[in-house]
Amino acid sequence: MALPLVVGVDGSDSSLQAVDWAVDEAARHELPLRLVHASRWERYEERLPSLSTSRSSGEIVAENIAASCLQRATLRNPEVKVSAEVLAEDAVSALLHEGREAFAVVTGSYGRSELADTLLGSVSLAVAARSVSPVIVVRGAERNRQGAFGRVVLAVGDVAEGSAAVRFAFREALARDAELHAVRTWRRPAHSHGSQSLLMHEASALVYEEQAATILNEVLDEAEREEGDKIVCHRDVIEGPAHRVLQDVSEQADLLVVGSLRRRDRSGLQLGRVSHAVLHRAACPVAVVPQRV
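Read on for a plain summary of the structure. Numbering of residues begins from 1 in every chain and follows the order in which that chain's sequence is written. The model is predicted, so local features are restricted to residues of pLDDT at least 70 and side-chain atom pairs to those at 80 or more, both for listing and for counting; the totals for chains, interfaces and linings are taken over all residues. Just so you know, side-chain values use all the structure's heavy atoms and leave hydrogens and water out.

1. Examining the nonpolar core
The nonpolar side chains of soluble globular proteins are, as a tendency, buried together. One finds Leu33, Leu154 and Val257 to be the most contacted residues of the largest nonpolar core, which totals 46 residues. Setting aside chain neighbours within four positions, we find Val257 in contact with Val152, Val153, Leu154, Ala155, Ala165, Phe168, Ala169, Ala287 and Val289. The next biggest cluster of nonpolar side chains, apart from the first, holds 29 residues, and it includes Leu95, Ala126, Val127 and Ala253. Residues belong to one nonpolar core when they are buried, are Ala, Val, Leu, Ile, Met, Phe, Trp, Tyr or Cys, and are joined through side-chain atoms within 4.5 Å. The buried label goes to any residue with under 20% of its type's maximum accessible area, the exposed label to any with over 50%, and the partly exposed label to all in between, with areas taken from a 1.4 Å probe on protein chains only. Any pair of residues with heavy atoms lying within 4.5 Å of one another is described as a contacting pair.

Quick look at the structure:
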């Protein structure tokens, strides 16, 4: 049985965008879709114990949110198998638990309590930094969310964090019939003035660029051998700060895939600076794919 695609919903515009994106993603991969609304309404009911059998307003609101999101998903694609559930726990704990047995976890970029700006909501950030399954944060303009560019971007970091992200990116590009653009960034060292030092600086820059290309090839070669000619994979070595380069290339991408190390001997948030930055600023949905080490 296929693992479900889990979506966190809270009724906000951002979570509704996540539902729409997730329905399309579930259809592409032929997955069941599971909508989860986490609500601690029972903690905030300020009333004395009663023998009344009437339900609280918080419980009714929670169920209405789940039901409306279920209806929205069904109307978008009736062929996708969708279920919805209200869980009486905090949103981060609920999504982390559900994500243990999931194809991926999908969230909006901000929640009902967040300002609707370019920054990432606290729930999405915490889930992306701790989940053992891939987490997709749905953000960006409608054309990016709708897959208008036919382009998946893979951010290639260190070799150690790459294999899971590479497999995920290849799988996404294949499911979308899209091109894959693998990007590795590099930075030239600072240099002193003078013609001789300038020549040495340029030679040193060439070494750094070649090192970046070597890492890019090492990460991609095995995956390309396995996939054969199923997809078109472009390899781009670009000079500049990684977070800025990825923010720029995300403007014409349907999905940006980044890897994230998950060390077994550590707990709490585990998210690199580049992943953190693109989750806040990318112009398209971002998939954070954990690599256990």
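2. Looking at helix α6 (residues 163-176)
With 14 residues, α6 ought to run about 20 Å at 1.5 Å a step, and its terminal C-alpha atoms sit 20 Å apart, in line with that. A positive phi of about 55° marks Asp177, the residue just after α6. Runs of H or I in DSSP of at least four residues are treated as helices and runs of E of at least two as strands, each being numbered from the N terminus. Here a helix's expected span is defined as the number of its residues, less one, multiplied by 1.5 Å.

3. Points about the packing of helix α3 (residues 91-98) against helix α4 (residues 122-130)
At a closest axis distance of 9 Å, the pairing of α3 and α4 adopts a crossing angle of 35°. In this structure, α3 meets α4 at a crossing whose hand is right-handed. Judged by residue contacts, Ala91, Val92, Leu95 and Leu96 of α3 engage Val123, Ala126, Val127 and Arg130 from α4. Considered class by class, the residues forming the contact of α3 with α4 number seven nonpolar, no polar and one charged. Only the stretch in contact is used when a helix axis is fitted, and all axes are lines through C-alpha atoms; the angle between N-to-C directions ranges over 0 to 180 degrees. Crossing handedness follows the turn of the near helix against the far one: under a right angle anticlockwise gives a left-handed crossing, and clockwise gives a right-handed one. Each residue gets one label: Ala, Val, Leu, Ile, Met, Phe, Trp, Tyr, Cys and Pro are nonpolar, Asp, Glu, Lys and Arg are charged, and the others, such as Gly, are polar.

4. Re the sheet that holds strand β9 (residues 255-262)
Here we have 10 strands laid out as an open sheet, ordered β3-β2-β1-β4-β5-β10-β9-β6-β7-β8, and mixed in their pairing. The outermost strands of the open sheet, each flanked by one partner alone, are β3 (82-87) and β8 (233-239). Each strand axis lies, on average, 25° off the axis of its neighbour in the sheet, ignoring direction. Those strands touched by α6 are β5 (135-138), β6 (151-155), β7 (179-186), β8, β9 and β10 (286-292), and its axis lies near 155° from that of β9. Paired strands, as defined in this entry, are two strands with at least two bridges between them according to DSSP.

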